[in-house]
Protein chains: 2
Amino acid sequence: MVFDNIKYRDAQQIKLAVDCIIFGFNDNRLEVLLIHRGFQPEMGTWSLIGGFIDNDEDLDEAANRVLYGLSGLKNIYMEQVRTFGKADRDSSGRVVSTVYSAMILKSEYDEALVQKYNAQWFPIDDLPKLVFDHADMVDSAIKRLRRRVRNYPIAFNLLPSKFTLPQLQALYEGILNEPIDKRNFRRKVMQMNYLVKLNEKDMSVSRKGAYFYQFDEALYKKEQNFNL
Amino acid sequence: MVFDNIKYRDAQQIKLAVDCIIFGFNDNRLEVLLIHRGFQPEMGTWSLIGGFIDNDEDLDEAANRVLYGLSGLKNIYMEQVRTFGKADRDSSGRVVSTVYSAMILKSEYDEALVQKYNAQWFPIDDLPKLVFDHADMVDSAIKRLRRRVRNYPIAFNLLPSKFTLPQLQALYEGILNEPIDKRNFRRKVMQMNYLVKLNEKDMSVSRKGAYFYQFDEALYKKEQNFNL
DNA sequence: ACAAAAGTGTTAACCGTACACCCATGA
DNA sequence: TCATGGGTGTACGGTTAACACTTTTGT
């Protein structure tokens with residue numbers, strides 16, 4: 001940052017915002033949390049969870065504050081996706097917005113909260129019309145997610161801490177939107193020693209039952225050999 | 001973007017800026033273009049090429065305008081890296097900055113312009129102390145570059161349109177900071193039909209001479225099978 | 001003739017991918 | 001006993017990685 005053009009410091013009329021993209025997984029599909037705007041502009045449409053930044057807070061903090069304020073979600077680890085800065089992207093004025101995204105366990109986000117905040121989950125391939133450039137933002141976040149999910153053990157955030165391999169596979173198929181070979185998938189998972197098999201089965205889906213697994217963060221840190 | 005917290009729209013005192021990271025290649029090393037600050041704050045230190053955004057311009061446009069204004073470089077294709085938004089990142093006030101980066105052919109950036117703008121090239125592993133969080137920005141851009149250079153034919157921007165394979169290999173070694181096996185490297189390059197061999201040799205380096213190659217954008221678009 | 005850089009092939013290990021049947025259980 | 005989803009192994013092809021000598025030419 002250079003202050004040559006210092007005149008802009010006072011003249012600048014640009015507002016800075018954050019938008020949060022929260023992914024969930026349900027019914028074998030990847031979903032996004034949207035809120036129904038009960039306020040202007042664009043009242044009555046769907047949008048991401050967004051708001052302006054405070055003067056004295058980090059951009060990351062702003063994302064968390066806004067997320068909490070508009071959805072009740074807290075302690076969610078979000079990562080920056082990218083910043084959208086077209087001059088005409090927001091019809092109500094000049095707003096530049098940095099997009100953050102996170103994955104959460106849908107079942108831990110209370111249905112009552114969803115209602116309270118006029119929020120709703122939508123499968124990513126069945127989104128309603130979104131305000132401004134929010135559809136581009138979602139696209140961007142999905143692309144990033146698809147890239148990252150192959151190289152980092154982040155998708156576990158979308159599952160309960162105990163999960164079965166069929167669940168995990170369905171999750172990957174849902175995120176990547178492509179079928180995966182069961183045996184190849186399982187072989188790769190077996191090589192990850194930080195995915196520990198429990199002596200406990202999920203009997204709720206099949207008669208045979210599927211073993212639960214757990215992701216061990218500490219073990220992962222030693223290996224860091226994730227790829228799916 | 002949501003306007004629930006509309007009070008911030010008027011209260012917000014945050015300035016939005018862009019910082020540009022221009023990579024060049026010289027003497028087998030990757031370099032970054034920095035400018036010497038002849039103005040406050042932090043006068044006399046080195047910094048990236050940065051400035052504030054205008055009210056009515058796209059963020060991308062701002063990056064190009066600022067780059068031109070402070071370096072004379074134009075028509076450079078820059079890509080967004082990420083946005084830096086710590087509340088205390090800029091000691092002179094609240095500034096959030098989006099980083100852009102590009103690669104250029106150093107020899108086409110006139111030495112006279114470099115001088116005129118108080119600019120200077122620095123090898124990435126021998127940077128001077130940088131103002132604010134600009135060192136983090138450079139780190140971030142280098143990491144991104146190293147990732148992208150393996151999957152997209154972008155490094156050619158750092159070479160003349162005609163280049164030899166030894167040059168190309170040295171470039172990759174410089175960017176990735178690791179030695180590469182000559183035979184394996186060349187085999188991969190040979191598979192890329194859009195790298196066309198010319199009937200012309202560079203006799204300026206060795207007695208034997210090395211054949212020139214050229215990157216054919218149109219051919220690449222058909223194949224898109226880049227990986228090095 | 002020699003120095004200096006350009007150019008060339010082969011092999012082994014590894015990884016990705018395709019593919020089909022048996023197992024355990026509750027109803 | 002049967003229907004349902006869980007669990008298992010192997011073979012092939014492609015990719016990566018390691019490795020050393022010959023060619024060309026100006027001096």
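Analysis parameters
Residues numbered from 1 in each chain as written. Chains lettered and ligands numbered in written order. Predicted model: local features only at pLDDT ≥ 70, side-chain atom pairs only at ≥ 80, totals over all residues. Heavy atoms only, no water. Helix = DSSP H or I, 4+ residues; strand = E, 2+ residues; numbered from the N terminus. Buried < 20%, exposed > 50% of the residue type's maximum accessible area, 1.4 Å probe, protein only. Contact = heavy atoms within 4.5 Å. Domains from an automatic or database assignment. Buried area = accessible area lost by both parts, 1.4 Å probe. Salt bridge = Lys/Arg side-chain N within 4 Å of Asp/Glu carboxyl O. Near = heavy atom within 4 Å. Polar contact = N/O pair within 3.5 Å; in protein donor to acceptor, adjacent residues only side chain to side chain.

**A closer look at the environment of A:N28**
Residues and elements named next belong to chain A.
Reasoning step 1: By the element assignment, N28 lies in the loop between strand 1 (15–26) and strand 2 (29–36).
Reasoning step 2: N28 sits in the exposed class, given a relative accessible area of 51%.
Reasoning step 3: The contacts of N28, once residues within four sequence positions are left out, are A170 and G174.

**A short note on the environment of B:L33**
Reasoning step 1: Summarising the element assignment, B:L33 is placed in strand 2 (residues 29–36).
Reasoning step 2: Apart from the residues lying within four places of it in its own chain, the contact partners of B:L33 are B:I22, B:I49, B:L73, B:Y109, B:A119, B:Q120 and B:W121.

**Here's the deal with the domain arrangement of chain A**
Residues and elements named next belong to chain A.
Reasoning step 1: Considered domain by domain, chain A is made up of domain 1 (7–148) and domain 2 (153–223).
Reasoning step 2: Each of domain 1 and domain 2 has a C-alpha centre, and the two are 29 Å apart.
Reasoning step 3: Counting from both sides, the interface comprises eleven residues of domain 1 and, opposite them, twelve residues of domain 2.
Reasoning step 4: Between domain 1 and domain 2, roughly 1100 Å² of surface is buried when both sides are summed, and carbon and sulfur atoms account for 72% of that area.
Reasoning step 5: By the criterion of area lost to domain 2, the three top residues of domain 1 are F25, M103 and R146, representing 53% of everything that side buries.
Reasoning step 6: Applying the counting rule to domain 1 against domain 2 returns zero salt bridges.

**Digging into the protein's contact with DNA strand C**
Reasoning step 1: Contacts to DNA strand C come from 18 residues, most closely from A:N184, A:R207, B:K182, B:R183 and B:R186.
Reasoning step 2: Near-protein atoms of DNA strand C (within 4 Å) split between backbone and bases, with sugar and phosphate holding 38%.
Reasoning step 3: Here a base oxygen of DNA strand C and a side-chain polar atom of A:R187 are 3.0 Å apart.
Reasoning step 4: Of all the secondary-structure elements, those providing two or more residues to the surface near DNA strand C are helix 6 (182–191) of chain A together with helix 6 (182–191) and strand 10 (210–215) of chain B.
Reasoning step 5: Among the elements that make up the surface near DNA strand C, the one with the highest residue count is helix 6 of chain B (four residues).

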